[in-house]
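Each chain is listed here by its residues.
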Amino acid sequence: MGKLVYAANTSLDGFLEDETGSFDWSVPDEEVHAFWNAHERGIGTSLYGRRMYETMRVWEDDDWLTGEPAVVREYAEIWRDADKVVYSSTLEEVSTARTRIERRFEPEAVRQLKEASRSDLSIGGATIGAEAFRHGLVDECVLLLCPVVVGGGKPALPRGVRLDLELLDHRRFGNGVIYVRHAVRNAA
């Protein structure tokens, strides 16, 4: 059985994006990128909302990767090798391999996907992540806290949901980013 892992870069005040929708403050350096590569290697299926999928699908295209460091090109390969499920009622079609669209987020279907999976699953995107937390589906929460306060924007964690957590791991990177990994103790 796979665990469902919510993973995100966040500002210190808990936002995925600032009030303008920007997240340029969370672009990883090579050390942090290498961390994300190692993390994503353990993921067999990624669950995305439409906006997160549209952000991530850039990894399917080789054109911009030519001059990038090896760690960035490696992430593209890891991302391509994972299965992807996009939850969207508006997306007409997907433009990446190993990707399917689900029109509605069905908690029971996600539970079954976890039970059938031989590897962990990740969930990305504030809206779809909040739904997974509300339904008790998230087993672990991996956050990289960026050394910036943005003052508002899209919250990384759901509002109005109580989560009891247990710290499993933590690390400080050279650029000031802090990694924390928690088990969600009240996950279903």
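Keep in mind that this is a model prediction, so the values were computed, not measured.

Visitor: Any chance you could explain the overall build of the protein here in plain terms?
Guide: Each helix and strand in the protein was counted, giving 5 helices and 10 strands. By the compact-globule yardstick of 16 Å for 188 residues, the protein fits well, its C-alpha radius of gyration being 16 Å. Overall, the protein is about 40 × 35 × 35 Å in size when its C-alpha atoms are taken along their principal axes. When the 188 residues of the protein are sorted by exposure, 45% land in the buried category. Working note: accessible area of the protein is about 9800 Å², and carbon and sulfur atoms make up 48% of it. Taken as two groups, the 23 positive and 32 negative side-chain charges of the protein have centres that lie 5 Å from each other.

Visitor: Help me understand the UniProt feature "domain: Bacterial bifunctional deaminase-reductase C-terminal" (unreviewed entry) in the protein, please; the structure alone is not making it clear to me.
Guide: What UniProt calls "domain: Bacterial bifunctional deaminase-reductase C-terminal" (unreviewed entry) maps, in this numbering, to residues 4–178. Counting secondary structure, residues 4–178 comes out at 29% helix and 29% strand; the distance between its end C-alpha atoms is 21 Å.

Visitor: What am I meant to see in empty space enclosed by the protein here?
Guide: If you walk through the whole model with that rule in mind, you get 1 cavity of 30 Å³ or more. Considered as a void within the structure, the largest cavity measures approximately 40 Å³ in volume. Residue lining of the largest cavity: Glu40, Ile43, Ser46, Tyr48, Ile78, Trp79, Ala82 and Lys84, and that is the complete set. Of all the secondary-structure elements, those providing two or more residues to the lining of the largest cavity are strand E3 (43–49) and helix H3 (70–81). For the lining of the largest cavity, the element with the highest residue contribution is E3, accounting for 3 residues. Broken down by class, the residue content of the lining of the largest cavity amounts to 5 nonpolar, 1 polar and 2 charged.

Visitor: I would appreciate a short explanation of unusual backbone geometry in the present structure.
Guide: Peptide bonds are, in most cases, trans, and in most cases residues other than glycine have a negative phi. The phi dihedral of arginine 98 is positive, around 60 degrees, even though this residue is not glycine. With respect to the helices and strands, the residue arginine 98 is situated in the loop between strand E4 (83–87) and strand E5 (99–102).

Visitor: Please clarify how the pairing of strand E7 (residues 140–146) should be interpreted in this entry.
Guide: With 6 of 7 residues buried, E7 lies mostly within the body of the structure. By the bridge criterion, 7 bridges tie strand E1 (residues 4–11) to E7 in an arrangement that is parallel. Bridging across to E7, serine 11 finds its partner in cysteine 146. The pairing of E7 with strand E10 (residues 178–184) spans 6 bridges and is antiparallel. Bridging from a neighbouring strand, leucine 144 pairs with tyrosine 179 of E10.

Visitor: In this structure, what is going on with the packing of aromatic side chains? I would like to understand it.
Guide: Two numbers describe a pair of aromatic rings. These are the distance of the centres and the angle of the planes. Per the counting criterion, the structure on display carries 7 aromatic pairs. Each ring, one from tyrosine 6 and one from phenylalanine 133, has its centre 5.2 Å from the other, and the planes form 65 degrees; the classification is edge-to-face. One end of the pair, tyrosine 6, is in strand E1; the other, phenylalanine 133, is in helix H5 (residues 126–134), with 127 residues separating them in the sequence. The residues tyrosine 6 and phenylalanine 133 share a single accessibility class, namely buried. Taking 4.6 Å as the distance between ring centres and 55 degrees as the angle between the ring planes, the aromatic pair formed by phenylalanine 35 and tyrosine 179 counts as tilted. Pair noted here: phenylalanine 35 is in helix H1 (residues 30–41) and tyrosine 179 is in strand E10, with a separation of 144 residues, a long-range link. Taken as a pair, phenylalanine 35 and tyrosine 179 share a single burial class, namely buried. One aromatic cluster is present, built from ring pairs that chain together Phe35, Trp36, Phe173 and Tyr179.

Quick notes on the rules
Residues numbered from 1 in each chain as written. Predicted model: local features only at pLDDT ≥ 70, side-chain atom pairs only at ≥ 80, totals over all residues. Heavy atoms only, no water. Helix = DSSP H or I, 4+ residues; strand = E, 2+ residues; numbered from the N terminus. Rg over C-alpha atoms; globule rule 2.2 N^0.38 Å. Buried < 20%, exposed > 50% of the residue type's maximum accessible area, 1.4 Å probe, protein only. Areas by Shrake-Rupley, 256 points an atom, 1.4 Å probe, with all protein chains shown as cover. Lys, Arg positive; Asp, Glu negative; His and termini not counted. Charge placed at Lys NZ, Arg CZ, Asp CG, Glu CD. UniProt positions renumbered as here; feature names shortened; annotations may be inferred. 1 Å grid on protein atoms, 1.4 Å probe; cavity = no way out; pocket = protein on both sides within 12 Å on 5 of 7 lines; lining within 4 Å. Points joined across faces, edges and corners; volume = space filled by probe spheres on them. Nonpolar A, V, L, I, M, F, W, Y, C, P; charged D, E, K, R; others polar. Pairing = 2+ DSSP bridges. Phe/Tyr/Trp six-rings, centres within 6.5 Å; stacked < 30°, edge-to-face > 60°.

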